[in-house]
Amino acid sequence: PKITVVLKKNGNRPVAMANIRVSAELIDAAALPATKGAQPRIVDAMQSFLRECSREELDGRAGTDMLRQAFLTIVNDAIVPYQANAVLFKEIVIQ
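Conventions and cut-offs
Residues numbered from 1 in each chain as written. Predicted model: local features only at pLDDT ≥ 70, side-chain atom pairs only at ≥ 80, totals over all residues. Heavy atoms only, no water. Salt bridge = Lys/Arg side-chain N within 4 Å of Asp/Glu carboxyl O. Helix = DSSP H or I, 4+ residues; strand = E, 2+ residues; numbered from the N terminus. Buried < 20%, exposed > 50% of the residue type's maximum accessible area, 1.4 Å probe, protein only. Pairing = 2+ DSSP bridges. Axes fitted to C-alpha atoms, helices over the stretch in contact; angles between N-to-C directions. Contact = heavy atoms within 4.5 Å. Core = buried A, V, L, I, M, F, W, Y, C linked by side-chain atoms within 4.5 Å.

It is possible for side chains of opposite charge to pair when their charged atoms get near one another. Tallied over the full model, the rule gives two salt bridges. We note a salt bridge from aspartate 65 to arginine 61, for which the minimum N-O separation is 3.4 Å. Here aspartate 65 pairs with arginine 61, and both are found in helix α2 (residues 60–78), just four residues apart, close to one helical turn. For aspartate 65, a relative accessible area of 36% gives the class partly exposed. By relative accessible area, arginine 61 is classed as exposed at 68%.

The structure is reproduced here in structure tokens:
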């Protein structure tokens, strides 16, 4: 799904927006129905997580790795007993 949120304001910098498209790489194809059913919860949790992040926290490889790990945890928590192997970013734009 595509996720668009306003990021947390940091100091005097202008408000930043994040546009992110993600997909999950599932370990087992049988997890697909559970993942589709949990998609609204997954998107909501990702949006909530992003709203607490500032532009600076998402900068560079460290920011992308932190975001990838957080999103993987969100997906895996939502689709128990199944698991995702990875979260893949199709698009990341911070404006």
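Right, let's get into the sheet that holds strand β1 (residues 2–6). Taken together, three strands build an open sheet; the order of strands is β1-β2-β3 and the sheet is antiparallel. Whereas interior strands pair on both sides, the edge strands pair on one side only; in this sheet they are β1 and β3 (84–94). With strand direction ignored, the average angle separating the axes of adjacent strands in the sheet is 30°. In this structure, strand β2 (residues 17–26) lies alongside β3, joined through nine bridges in antiparallel fashion. Bridge pairing in β3 places isoleucine 20 opposite isoleucine 92. Across the face of the sheet, helix α1 (residues 32–51) comes into contact with β1 and β2 while running at roughly 20° to β1. Lying on the sheet, α2 is in contact with β2 and β3; it crosses β3 at an angle near 130°.

Considering the arrangement of structural elements, one finds threonine 35 in helix α1. Threonine 35 has contacts with Leu26, Ile42 and Ile79, leaving out every residue within four places of it along the chain.

So, on to the nonpolar core. Ranked by internal contacts, the top residues of the largest apolar core, which has 24 residues, are Ile20, Ile42, Met46, Leu50 and Phe71. Elements supplying a minimum of two residues to this core: β1, β2, α1, α2 and β3. The element contributing the most residues to this core is α2, with six residues. Residues contacting methionine 46, with those up to four places away along its chain left out, are Ile3, Val22, Phe71, Ile74 and Val75.

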